[in-house]
Amino acid sequence: MTQETLIEVRDLCNRFGAQAVHEHLNLDLFRGEVLGVVGGSGTGKSVLLRSIVGLRQPTSGTIQVFGQQLLNLPNEQRSQLERRFGVLFQRGALFSSLTVSENIALPLIEHAGLSRASAERLAQVKIALAGLPQNAGDKYPSELSGGMIKRAALARALALDPDILFLDEPTAGLDPIGAAAFDQLIRTLCDSLGLSVFLVTHDLDTLYSICDRVAVLAQKKVLIADRLEVVSAIDDAWIQAYFHGPRGRAAAQAVNAARSD
């Protein structure tokens with residue numbers, strides 16, 4: 001059965017002055033999958049994410065999302081397409097002067113045209129979906145723990161019922177228990193809501209526990225994008241050190257033990 005391609009990146013180049021971060025990069029995201037994107041420091045994982053969601057104009061190449069080139073669309077059509085994205089930035093990027101409910105309600109008011117009362121009612125649904133207690137809606141970001149900030153940012157990313165969820169290092173800074181719980185929440189949401197997930201991460205536990213495929217950025221391109229067992233077998237120095245070092249072995253053993261229980 002042919003998989004439906006939601007994102008198609010072809011021959012992408014990103015340069016900052018004389019420095020090339022990406023050259024001739026190709027990558028696909030298929031409907032319903034969780035795609036993990038990994039790579040060493042400076043390989044441009046977040047730059048790639050920002051290019052796909054339209055926050056950065058690539059130097060050259062094409063990015064098609066839902067069969068359309070986002071940056072070439074008129075403003076109204078581009079806005080409609082962007083409503084099908086949900087983005088969780090690395091540090092949450094919540095508005096500090098707004099409560100959690102107000103942060104989630106804002107895109108519903110601005111982009112969906114809901115009244116404030118309706119938006120805040122719907123915000124409570126998103127808060128519950130993200131696994132937060134209902135009273136979290138009245139709190140300000142400064143009153144939340146790191147894990148709660150991540151979940152509040154996830155609730156906001158889910159506000160407009162997106163087709164694709166973009167996550168930039170979602171478990172960074174979380175303790176192992178909190179990170180594992182967040183991973184399982186993402187997997188549950190993906191399965192229950194039919195989401196497709198583009199996940200930038202360095203967390204091996206996340207890769208082993210919830211990702212359907214893994215794309216490795218190296219040498220300014222996607223070196224390989226495939227199932228984890230295929231990727232981890234590639235004869236490349238960085239891949240071998242990353243997946244078969246102590247942390248990689250521990251993550252693989254933990255997943256194998258969980259599956260055998």
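Use the structure listed above.
Since this is a predicted model, take the numbers as computed values, not measurements.

Participant: How would you sum up the nonpolar core? Please name residues and give values.
Facilitator: The tendency in soluble globular proteins is for nonpolar side chains to be buried side by side. Membership of the largest hydrophobic core comes to 50 residues, with the highest contact counts inside it found for Leu154, Leu165, Ile186, Val197, Leu207, Val214 and Phe243. No other element matches the 6 residues that helix α6 (residues 176-193) contributes to this core. Apart from residues no more than four positions distant in its own chain, Ile186 is found in contact with Leu154, Leu165, Leu167, Val197 and Ile210. Counting residues in each nonpolar core, the second largest holds 28 residues, with Leu29, Leu49, Ile63 and Phe85 among its members.

Participant: Give me the lowdown on the sheet that holds strand β4 (residues 60-65), citing residues and values where you can.
Facilitator: Strands sit in the order β2-β1-β4-β5 across an open sheet of 4 strands; the sheet is antiparallel. Only two strands of the sheet have a single partner each, and these edge strands are β2 (19-30) and β5 (68-69). Sheet topology note: the strand β1 (residues 5-16)/β2 ladder contains 8 bridges and is antiparallel. Bridging across to β2, Thr5 finds its partner in Phe30. Across the sheet, helix α1 (residues 45-52) touches β1, β2 and β4, and the angle it forms with β1 is around 120 degrees.

Participant: An account of the packing of aromatic side chains is needed here, citing residue identities and associated values.
Facilitator: Counted under the stated rule, the structure contains 5 aromatic pairs. Ring centres of Phe66 and Phe85 lie 6.4 Å apart, and the angle between their planes is 25 degrees; on these two criteria the pair is classed as stacked. Note that Phe66 is positioned in the loop between β4 and β5 and Phe85 in strand β6 (residues 85-88), a separation of 19 residues in sequence. Neither Phe66 nor Phe85 differs from the other in exposure class; each is buried. With a centroid separation of 4.6 Å and 15 degrees between ring planes, the pair formed by Trp238 and Tyr242 is classed as stacked. Of this pair, Trp238 and Tyr242 both sit in helix α9 (residues 237-244), 4 residues apart, which is roughly one turn of the helix.

Reading the values: the criteria
Residues numbered from 1 in each chain as written. Predicted model: local features only at pLDDT ≥ 70, side-chain atom pairs only at ≥ 80, totals over all residues. Heavy atoms only, no water. Core = buried A, V, L, I, M, F, W, Y, C linked by side-chain atoms within 4.5 Å. Buried < 20%, exposed > 50% of the residue type's maximum accessible area, 1.4 Å probe, protein only. Helix = DSSP H or I, 4+ residues; strand = E, 2+ residues; numbered from the N terminus. Contact = heavy atoms within 4.5 Å. Pairing = 2+ DSSP bridges. Axes fitted to C-alpha atoms, helices over the stretch in contact; angles between N-to-C directions. Phe/Tyr/Trp six-rings, centres within 6.5 Å; stacked < 30°, edge-to-face > 60°.

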